[in-house]
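Given next are the chains, with one letter for each unit.
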Amino acid sequence: MIHKNKRTEVEWWDLHPRLRLILSDADLWCYLRGAEFTITGLVRNDLEQWALWKQGISAEKSVHQVWSGWGCGADARSLKTVELNQQLLDHINARYTYDLGRKDLKTVIRHMGTADHLHFQVRPGS
Ligand SMILES: [Zn+2]
């Protein structure tokens, strides 16, 4: 697992243990396929989240903020091919359910657009 910077390396320990397990699983999955798994963003403080709200990007409290002491969201660099990304998503989403009551919400999704990345999440309070 590669950390984009010192900040994500430090924030790793603020992540919900279940999220750390999921990211470690993704990292191993990538390693076995010769792919690099790079963490690019973990915890957002209130000021950073406020900046996104002002841009109209998000209206709700984010999983990237701290919930009951844990960060519940993580961003990672997309893998090199469409197929690899999809296989990783299928692997993780088949093993880890985000919310038993809301099956439409996934543990990992690919965010496209200006900042293509993989977004991992665990349900706050789980
Ligand atoms: Zn994210």
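See the structure printed just above.
None of these values were measured; they are calculated from a predicted model. (Residues numbered from 1 in each chain as written. Predicted model: local features only at pLDDT ≥ 70, side-chain atom pairs only at ≥ 80, totals over all residues.)

Draft legend 1. Spotlight on the overall build of the protein. Looking only at helices and strands, the protein has four helices and seven strands in total. Helices and strands appear in the protein in the N-to-C order β-α-α-β-α-β-β-β-α-β-β. For 126 residues, the compact-globule estimate of 2.2 N^0.38 gives 14 Å, and the protein sits close to it at 14 Å. When the 126 residues of the protein are sorted by exposure, 24% land in the buried category. (Helix = DSSP H or I, 4+ residues; strand = E, 2+ residues; numbered from the N terminus. Rg over C-alpha atoms; globule rule 2.2 N^0.38 Å. Buried ≥ 20, exposed ≤ 12 C-beta atoms within 10 Å, placed from the backbone.)

Draft legend 2. Just the pairing of strand β5 (residues 73-77), in detail. Burial analysis of β5 places four of its five residues in the buried class, the great majority of the element. With two bridges connecting them, strand β2 (residues 38-41) and β5 associate as antiparallel partners. Bridged to glycine 41 within β5 is aspartate 75. Bridge count for β5 against strand β7 (residues 117-121) is five bridges, and the pairing is antiparallel. (Pairing = 2+ DSSP bridges.)

Draft legend 3. Main features of the packing of helix α2 (residues 17-31) against helix α4 (residues 82-95). Where α2 contacts α4, the two axes come as close as 11 Å, and the packing angle between them is 140°. The orientation of α2 with respect to α4, classified from their angle, is oblique. For the element pair α2 and α4, the recorded crossing hand is right-handed. Across the interface between the two elements, Ile22, Asp25, Ala26 and Trp29 from α2 touch Leu88, His91 and Ile92 from α4. Considering only residue class, the contact of α2 with α4 consists of five nonpolar, one polar and one charged. (Axes fitted to C-alpha atoms, helices over the stretch in contact; angles between N-to-C directions. Parallel < 35°, antiparallel > 145°, perpendicular 65-115°, else oblique. Left-handed = near helix turned anticlockwise from the far one by under 90°. Contact = placed C-beta atoms within 7 Å. Nonpolar A, V, L, I, M, F, W, Y, C, P; charged D, E, K, R; others polar.)

Draft legend 4. Focus on the environment of lysine 54. Summarising the element assignment, lysine 54 is placed in helix α3 (residues 46-54). The exposed category is assigned to lysine 54, around which 8 C-beta atoms lie within 10 Å. In sequence terms lysine 54 and leucine 79 are 25 residues apart; their C-alpha atoms lie 30 Å from each other.

Draft legend 5. The arrangement of the nonpolar core in detail. Leu19, Leu23, Ala74, Ala76 and Phe120 are the most contacted members of the largest nonpolar core, which totals 19 residues. Among the secondary structure elements, those contributing two or more residues to this core are α2, β5 and β7. In terms of residue count, α2 provides more of this core than any other element does, four residues in total. In contact with leucine 19, other than residues within four places in its own chain, are Cys72, Ala74, Phe120 and Val122. (Core = buried A, V, L, I, M, F, W, Y, C linked by C-beta atoms within 7 Å.)

Draft legend 6. Seen up close, the sheet that holds β7. Spatially, the five strands line up as an open sheet ordered β1-β2-β5-β7-β6, and their pairing is mixed. Of all the strands in the sheet, just β1 (2-3) and β6 (108-111) have a single pairing partner and so form its edges.

Draft legend 7. How the structure looks around the environment of alanine 76. Looking at the element boundaries, alanine 76 is found in strand β5. In this structure, the C-alpha to C-alpha distance between alanine 76 and isoleucine 39, residues 37 residues apart in sequence, is 4.3 Å. With near-sequence residues (within four places) excluded, alanine 76 lies in contact with Phe37, Thr38, Ile39, Thr40, His117, Leu118 and Phe120.

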